[in-house]
Amino acid sequence: MTIEALNFTPQTLKRELIEQSITHWNEMIHEARSHLLNQTWQQAAKQYWRVYPIAEQLLRESFCKNCAIKGYIRTLVELAYVLRKNQQQEKLSAIMELSKPLWLRELSPVLIEELIAIVTNITYAPIAQIDIWIEGLFAMDEAVNQPLH
């Protein structure tokens, strides 16, 4: 018997499972974003549908609430955009309805209002405007990941 087996607790198991979920989310969101950036909208939609439940799970269970909120919101925003590009906006209303109980438990009222406003804008604003906004979002990500000289 190893020392690790002797130190096993439900808390350590939960932490390990959450870490695995985070790794899985990172891998899947990377693939989804690749499809989004390549404008392969159907593949992107399929992948974002796989990623979204993991983001929800992390929002409910993660030890780093701020990280989970950030990942959840980005996943939802990108899913909304991909659904718009696939002309499946009606699914956004269903997502928002199904997600409201989770939002009420896990997000502040102000954040919920902002999230609803963002998804509504993605759904109804001119697509050219949303394209520019999404491009800017990814450009900011790239700038943040650039090394400092």
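Preceding this paragraph is the structure being described.
Below or above, wherever it landed, is the structure these notes cover. Model, not experiment: these values are computed from the prediction.

Next up on the list: the overall build of the protein chain. When helices and strands are tallied, the protein chain shows 7 helices and 0 strands. Counted from the first residue to the last, the protein chain has its helices and strands arranged as α-α-α-α-α-α-α. Taken along the three principal axes of its C-alpha coordinates, the protein chain extends 60 × 40 × 30 Å. The contacts of the protein chain with a sequence gap of at least 6 include a subset with a gap of at least 24, amounting to 69%. With the model as given, the accessible surface of the protein chain reaches about 9,500 Å², and the carbon-plus-sulfur share is 58%. With 14 positive and 17 negative side-chain charges, the protein chain shows a spacing of 4 Å between the two charge centroids.

With that settled, the discussion passes to the side chain of Thr75. Locating Thr75 in the fold gives a position in helix H4 (residues 65-85). Residue Thr75 is classed as buried on the basis of its relative accessible area of 0%. Not counting residues up to four positions away in its chain, the partners in contact with Thr75 are Trp25, Ile29, Tyr48, Val51, Tyr52 and Ala55.

The end-to-end C-alpha distance of helix H6 (residues 109-124), which contains 16 residues, comes to 22 Å, matching closely the 22 Å that a straight helix rising 1.5 Å per residue would cover. Among all positions in H6, only Ile112, Leu115, Val119, Ile122 and Thr123 are buried. Along H6, the residues classed as buried sweep out an arc of 100° about the axis, all on the same side. Pointing more than 90 degrees away from the buried face of H6 are the exposed residues Pro109, Val110, Glu113 and Tyr124. Lining the buried residues of H6 we find H4, helix H5 (90-106) and helix H7 (127-144).

This part takes up unusual backbone geometry. Phi angles above zero are rare outside glycine, and Gln39 is one such case at about 60°. Mapped onto the elements, Gln39 comes out in the loop between helix H2 (10-37) and helix H3 (41-61). Non-glycine residue Gln87 carries a positive phi angle of around 55°. Tracing the backbone through its elements, the reader meets Gln87 in the loop between H4 and H5.

Conventions used here
- Residues numbered from 1 in each chain as written.
- Predicted model: local features only at pLDDT ≥ 70, side-chain atom pairs only at ≥ 80, totals over all residues.
- Heavy atoms only, no water.
- Helix = DSSP H or I, 4+ residues; strand = E, 2+ residues; numbered from the N terminus.
- Contact = heavy atoms within 4.5 Å.
- Areas by Shrake-Rupley, 256 points an atom, 1.4 Å probe, with all protein chains shown as cover.
- Lys, Arg positive; Asp, Glu negative; His and termini not counted.
- Charge placed at Lys NZ, Arg CZ, Asp CG, Glu CD.
- Buried < 20%, exposed > 50% of the residue type's maximum accessible area, 1.4 Å probe, protein only.
- Expected span 1.5 Å × (residues − 1).
- Arc of directions from axis to C-beta.

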